[in-house]
Amino acid sequence: AQKITQTQPGMFVQEKEAVTLDCTYDTSDQSYGLFWYKQPSSGEMIFLIYQGSYDEQNATEGRYSLNFQKARKSANLVISASQLGDSAMYFCAMRASSGSEKLVFGKGTKLTVNP
Amino acid sequence: DTGVSQDPRHKITKRGQNVTFRCDPISEHNRLYWYRQTLGQGPEFLTYFQNEAQLEKSRLLSDRFSAERPKGSFSTLEIQRTEQGDSAMYLCASSSRTSVSQQYFGPGTRLTVT
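Here is a short report on the structure shown in this document. (Residues numbered from 1 in each chain as written. Chains lettered and ligands numbered in written order. Predicted model: local features only at pLDDT ≥ 70, side-chain atom pairs only at ≥ 80, totals over all residues. Heavy atoms only, no water.)

Side note on the environment of B:Phe21
And step 1. Within the fold, B:Phe21 resides in strand β3 (residues 19-24).
And step 2. In the structure, B:Phe21 is positioned 87 residues away from B:Gly108 in sequence and 9.7 Å away in space, judged by C-alpha atoms. (Helix = DSSP H or I, 4+ residues; strand = E, 2+ residues; numbered from the N terminus.)

Structural data, given as structure tokens:
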């Protein structure tokens with residue numbers, strides 16, 4: 001069974017600084033995908049970035065990058081140049097390719113960006 | 001390009017009543033998912049449709065829960081004989097078949113059972 005662990009319940013960062021949100025995963029599948037979603041207080045889950053298990057390069061999307069360390073089973077999200085609008089819950093999720101389409105989510109990290 | 005929509009956004013019901021939620025996916029997406037999110041937790045998978053076929057169900061989906069997607073477009077999630085433990089945010093998502101197949105989520109329906 002797949003499991004996602006996010007060990008930081010809350011993180012604080014100064015505006016314009018970078019922040020890393022931790023995510024470790026557990027799976028016996030060789031092929032899987034890792035996702036990060038942002039959930040503002042409005043409740044909607046917003047897709048941020050994706051990393052496939054066979055992708056050799058770390059994924060990047062604008063100010064978001066994913067620090068993928070396969071041997072350590074970690075997929076940390078790095079947000080550069082934090083903005084006040086980045087304050088939200090962030091969820092790491094995994095989809096294994098063993099015939100299941102479901103996403104397994106971690107408990108999330110609440111990020112607060114201070115002015 | 002309209003996103004995933006859900007109706008209603010909020011529902012308050014008394015214990016024992018039946019409730020039904022609707023989800024309209026992004027029009028070209030053939031995959032549709034339901035998740036449940038309780039306070040302080042990440043979303044938990046409930047069920048998945050590809051077109052009109054329900055291909056995967058979680059053990060969380062007890063016999064009081066039923067989901068349909070009759071014509072492969074919108075979907076409904078019904079909860080019969082609601083219990084206080086059913087209070088949660090119910091999220092719908094859709095995706096198309098790509099190498100990434102990222103799921104796009106709707107705004108959710110917040111259910112409160114009193």
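Structural notes on the sheet that holds β3(B)
Residues and elements named next belong to chain B.
And step 1. On the basis of which strands lie adjacent, the open sheet formed by four strands has the order β1-β3-β8-β7 and antiparallel pairing. What marks the edges here is a single partner per strand, and that holds for β1 (5-7) and β7 (65-68). Averaged over all pairs of adjacent strands, the angle between strand axes in this sheet comes to 15°, irrespective of strand direction.
And step 2. Pairing of β7 with strand β8 (residues 75-79), which is carried by four bridges, proceeds in the antiparallel orientation. Paired with Ser 66 across the two strands is Glu 78, which belongs to β8. (Pairing = 2+ DSSP bridges. Axes fitted to C-alpha atoms, helices over the stretch in contact; angles between N-to-C directions.)

A word on the state of the cysteines
In protein structure, a disulfide is the covalent linkage between the sulfur atoms of two cysteines.
Residue and element names in this part refer to chain A.
And step 1. A complete count under the given rule lists two disulfides over all chains for this structure.
And step 2. Put simply, Cys 23 and Cys 92 are joined by a disulfide, and their sulfur atoms are 2.0 Å apart. Sign of the S-S torsion, about -60° for the bond between Cys 23 and Cys 92, identifies this disulfide as left-handed. Taken together, the residues Cys 23 in the loop between β3 (19-21) and β4 (24-26) and Cys 92 in strand β10 (residues 88-96) connect sequence positions 69 residues apart. Each member of the pair, Cys 23 as well as Cys 92, is classed as buried. (Disulfide = S-S within 2.5 Å. Buried < 20%, exposed > 50% of the residue type's maximum accessible area, 1.4 Å probe, protein only.)

Notes on the interface of chain A and chain B
And step 1. The partner chain B presents 21 residues to the 18 residues of chain A that form the contact.
And step 2. For the pair chain A and chain B, the summed buried surface comes to about 1600 Å²; carbon and sulfur atoms form 54% of the total.
And step 3. By the criterion of area lost to chain B, the three top residues of chain A are A:Met45, A:Glu101 and A:Phe105, representing 30% of everything that side buries.
And step 4. The interface formed by chain A and chain B holds one salt bridge in total. (Contact = heavy atoms within 4.5 Å. Buried area = accessible area lost by both parts, 1.4 Å probe. Salt bridge = Lys/Arg side-chain N within 4 Å of Asp/Glu carboxyl O.)

Considering the packing of aromatic side chains
And step 1. Enumeration according to the criterion identifies 14 aromatic pairs over all chains in this entry.
And step 2. Centre to centre, the rings of A:Tyr37 and A:Phe105 are 5.9 Å apart; their planes meet at 50°, and the pair counts as tilted. Pair noted here: A:Tyr37 is in strand β5 (residues 32-39) and A:Phe105 is in strand β11 (residues 104-105), with a separation of 68 residues, a long-range link. As far as the burial class goes, A:Tyr37 and A:Phe105 line up, both buried.
And step 3. Here the aromatic rings of A:Tyr37 and B:Phe105 are separated by 5.3 Å at their centres, their planes lie at 85°, and the arrangement is edge-to-face. Taken together, the residues span two chains, with A:Tyr37 in strand β5 and B:Phe105 in strand β10 (residues 104-105). The pair formed by A:Tyr37 and B:Phe105 is uniform in burial state, with each residue classed as buried.
And step 4. Through successive ring pairs, a cluster of aromatic residues spans A:Phe35, A:Tyr37, A:Phe47, A:Tyr50, A:Phe91, A:Phe105, B:Tyr35, B:Phe45 and B:Phe105. (Phe/Tyr/Trp six-rings, centres within 6.5 Å; stacked < 30°, edge-to-face > 60°.)

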